[in-house]
Every structure is written in structure tokens, then in C-alpha cells.
Amino acid sequence: MKIISVNAGSSSLKFQLLSMPSEETITSGIVERIGDENGIFTIKVEGKKIVKELPIPTHNVAVDLVLAALLDLKILSSFDEIEGVGHRVVQGGELFKDSAVVNDDVIKRIESLSDLAPLHNPANIIGIKAFMKVLPKVPHVVVFDTTFHSSMTDEAFMYATPYSWYQNYGVRKYGFHGTSHQYVSERAAAILKRDDLKVVVCHIGNGASLCAIKNGKSVDTSMGLTPLEGIPMGTRSGNVDPAVIELIKQKEGLTVEEIISALNKKSGYLGVSGISHDSRDIEDAYVEGNKRAELTLAIQTKRIADYIGSYYVYMGGLDALCFTAGIGENSSYLRKMVCERLGVLGVKLDDQINSSVRGKECLISSEDSKVAVYIIPTNEEVMIAREVMRFIK
Ligand code: AMP
């Protein structure tokens, strides 16, 4: 059975065609710069990348392009081979505690959450509608970044703000990267052959969040109402005192929107280092002795360790610490810097293994570590395809 996992953003559309239940990737790709004269379409076939530049004015054109390529490249002989489509949706709010088969009511409910995710939910809906137009007969399933965190209790998800903000506008922590945290923590449980685990997943990529998982359920996570909260990321600040906004408004004459945009797009690695949002550039500069690059990594790794310490206390211990996503899977520096700060919890890395492994599942703690530390590559597309299968069944 073939299933497509789709992740539609405002100007991009990522897709992966999977064979289920074997979970093998048949092909994957991305359409970028949708709405632009210079659109880019990339598709991977048998390990080779095919890249085309062409105008891609709308999401409908992007979807047509992807599906036509699947036929032209003989990846599919007909669209009838696709038996389900899974769509990533960023914000499910309190309306969605599970994935759902798309119908008019589901679309309306996702639309009603657009205030909470103005950049993401509308783009997700455009992607869903475009695919439904071309594949109207198969089930379309929406999988939310937030549902895995719906097991958090109110003491973990409430802000200490006026209660009416929560009641009237849904102001609370929702958390994101849920499919990734779920995938990685389920892998940890499978590796350790135990369901009663206390796990922290560090999803550290361009966006980054941590999640505390007890007995398979998310009990706390670092992102909040939006993906801006938590640890510093490629271009996002993570937590700051909200009073910064008033000060910068006065000093630089910026609007609140402009300041929030700077906290989202000009902060984090990029803002502190002044070098780049990309961890590879930061690490290269750090190795060459650049002090701002060193500070950038120190701020982020301190905050990551702070969260892990607080989750240790909240869960009453820690069995496994898992690193995932672009930086978590590839950067031995980041993992070492974080784990060195966790020595007091009995976390010990095997330095030789840590520095030699990247991008593949591996135990990287030493034999006498009190916590098992793993690299576990994430796979959000597989998680989405599994959800489609669950609903098809
Ligand atoms: P993601 O958002 O999960 O795709 O992760 C993107 C981040 O992963 C970027 O900051 C990349 O620099 C980082 N990354 C990818 N490969 C490596 C690597 N080999 N070493 C360090 N960072 C990497």
C-alpha cells in the first residue's frame, strides 16, 4: 500500500511517498518558492536528486507538478496506487486530541485555530485542499504537531497569566514537534523493551524543542503557545523576559510585530553569533576560537541542560536521553556539551562513540552511565503514514 506524507508550508511543500506497512521510502521531494517566478522542484529517485526551476504560482500547481512527476518518472503507473494521504498540521489546539480523517467540519475546525498559528495552519489547509482536489477518493488524514502533547496536565500547560486569557483565547502551552517526539520515544521504548520509561527527547534542528515522556506520554515540553518558546534555535530566541518587547519598542521604534519577527527570525544562533543560523558555521567558528560562537553554543547547551534537569525532577528520574533532528543527530559537539553539564545526574558519554557516529541509531553513553544516551534519527513522515494506516484500518 502506498501512502503520501505531506508537509505544506506557506511557500513550500514537502512530500514523501512510502510503502506501508514496510515503511520504506519510495521517493521524496520538496517544492520551494511557491508563488514565485523562480520556483524550485526537487525530487529524489533511486538516490539521485532531480532539480527543476520553473514558475510555481500556486499550491495547486505544486501538487500537480509532484503528482505528474510520480507518473512521468514511472514511480507510479496510476494515481489509484495511492491509498491515503497524511497531512502534517501544526496547530490542533484543544480541538484535536487525535489525528482525524479530513471532512468539511475538520477543515473548519483547523481554520478556527488560525489565530494560534497564523503562519502555519492556513498554509496547511491550502495543501490539504490542493491534494484533495486531485485525489478526491482516498482518505486524507490530518496529523497534528500538538496532539502528542495533549496528555500534559494543566500544571504543565498553563501559563500564570490571567485565567480569562486561557478561557477566552486559548492562551496556554501547546508544544510542537509532537510526531517527532512520539516517534523517537517509541523507538527508545522498543530498543529498551520497556513501556514504563522516563525519557527526554532533544529534537535539535533549525527549530528545537525538548519533551519529557513518562510511560509513553508527553508530560512536558519546551515550546509553548507558539514554537518561539523554549531553548534558543537557529533564528529563534527561545525564552526571554516579555518586558524586552516594551524596551526595544521604545529604543528602536519598532512595532510589536517587528520585534516578535526579530525574536523569530533574527535571534538564536544567528542573533548571538552574528555569523549564521546554521550550526555547521557556528561550530566551524567555535573550533577556530571565535568567542561569540562559543557563547552561542554555551547559551543553548546551558538551556538544554536546564530543561533536562527540570524534567528529571518532574518525572522523578531519567532512563533515556535521546538526541534527534539535524543537529541532535549530527553534532557530536552539541551532544558532548549538553552531556558534560549533566554529569551530576550520572550521565556519561562514550566520547569515542559520540564523536564517530552521526545520523544513525546508536547508544552513545558509556557502560557506567546512569542514563542511556542515544542518537535516534527522527522520522515524522513515517509517523504520519502510520496514522493514515491506523485510520484506513
Ligand atoms: P533540521 O531543522 O532538523 O533539518 O536541522 C537543520 C540543522 O541541522 C542546521 O543547523 C544544520 O546545520 C544542522 N546539521 C545538519 N548536518 C549537520 C552536521 N553534519 N553537523 C552539525 N550540524 C548539522
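For the structure, see preceding data.
Quantities reported herein were computed from a predicted structural model and do not represent experimental measurements.

Once that is clear, we can look at unusual backbone geometry. The step from Met20 to Pro21 runs through a cis peptide bond, and the omega angle for that step is 5 degrees. When you line up the elements, Pro21 lands in the loop between β2 (13-19) and β3 (24-32). Although it is not a glycine, Lys193 adopts a positive phi angle of roughly 55 degrees. Within the element layout of this structure, Lys193 appears in the loop between α6 (178-192) and β9 (198-204). With relative accessibility at 73%, the residue Lys193 sits in the exposed group. The backbone of Asn215 shows a phi angle near 50 degrees, a positive value even though the residue is not glycine. Structurally, the position occupied by Asn215 is in the loop between β10 (208-214) and β11 (217-221).

Relative to the helices and strands, Ser218 is located in strand β11. Residues contacting Ser218, with those up to four places away along its chain left out, are Phe148, His149, Ser151, Met152, Cys211, Ala212 and Ile213.

Right, let's get into the site of the ligand. Residues in close proximity to the ligand include Gly205, Asn206, Asp278, Ser279, Arg280, Ala325, Gly326, Ile327, Asn330, Ser331 and Arg358, which together make up its full environment. Asp278 has a polar side-chain atom sitting 2.3 Å from an oxygen atom of the ligand. Here an oxygen atom of the ligand and a side-chain polar atom of Arg280 are 3.2 Å apart. In the complex, the protein chains occlude 73% of the 500 Å² of accessible area that the ligand would expose alone. Elements with a contribution of two residues or more to the shell around the ligand: α10 (279-287) and α12 (325-330).

With that settled, the discussion passes to the pattern of salt bridges. Summed over all chains, the structure comprises 19 salt bridges. As a salt-bridge pair, Asp145 and Arg88 come within 2.6 Å of each other at their nearest N and O atoms. Of the two residues, Asp145 is situated in the loop between β8 (140-144) and α4 (154-157) and Arg88 in strand β6 (residues 82-89); the sequence distance between them amounts to 57 residues. Assessed through its relative accessible area of 2%, Asp145 is described here as buried. A salt bridge links Asp306 to Lys302; the nearest nitrogen and oxygen atoms lie 2.6 Å apart.

The strand order across the open sheet built from eight strands is β5-β4-β3-β2-β1-β6-β8-β7, with neighbouring strands paired in mixed fashion. Across the chains shown, the open sheet's two edge strands, defined by having one partner strand only, are β5 (48-56) and β7 (100-101). As paired strands, β3 and strand β4 (residues 36-45) are joined by five bridges and run antiparallel to one another. Across the sheet, Glu32 pairs through a bridge with Ile40, a residue of β4. Helix α2 (residues 104-112) rests against β6, β7 and β8 of the sheet, and its axis sits at about 25 degrees to β8. Across the sheet, helix α15 (residues 380-392) lies against β1 (2-8), β2, β6, β7 and β8, angled at about 125 degrees from β6, the strand it touches most.

Moving on, we get to the environment of Gly346. Tracing the backbone through its elements, the reader meets Gly346 in the loop between α13 (332-340) and α14 (351-356). Under the relative-accessibility criterion, Gly346 is labelled buried at 13%. Gly346 sits 23 residues away from Phe323 along the chain, and the two C-alpha atoms are 17 Å apart.

What counts, and at which threshold
- For every chain, the first residue of the written sequence is number 1, and numbering continues from 1 onward in sequence order.
- Local features in this predicted model are restricted to residues whose pLDDT is 70 or higher, and side-chain atom pairs enter the listing and the counts only when it is 80 or higher, whereas totals over whole chains, interfaces and linings include all residues.
- As a convention, hydrogens and water are excluded, and side-chain values are obtained from all of the structure's heavy atoms.
- Each helix is a run of DSSP H or I of at least 4 residues and each strand a run of E of at least 2, with the numbering of both proceeding from the N terminus.
- Exposure is judged per residue with a 1.4 Å probe applied to protein chains only, and the accessible area is read against the type maximum: over 50% gives exposed, under 20% gives buried, and values in between give partly exposed.
- The contact criterion used throughout is that any non-hydrogen atoms of two residues lie within 4.5 Å.
- A single heavy atom is enough: if one lies within 4 Å of a molecule or strand, its residue is considered near that molecule or strand.
- Here a polar contact is recorded for every N or O atom pair within 3.5 Å, except that within protein the pair must consist of a potential hydrogen donor and a potential acceptor, and residues adjacent in sequence are included only if both atoms are side-chain atoms.
- Reported accessibility uses the Shrake-Rupley method at a 1.4 Å probe radius. Residues are deemed covered only where the shown protein chains occlude them.
- Take a side-chain nitrogen of Lys or Arg and a carboxyl oxygen of Asp or Glu: if they are within 4 Å of each other, that pair is a salt bridge.
- In this description, strands pair whenever DSSP reports at least two bridges between them.
- Axis definition: a line fitted to C-alpha atoms, limited for helices to the stretch in contact. Angles are taken between N-to-C directions and run from 0 to 180 degrees.

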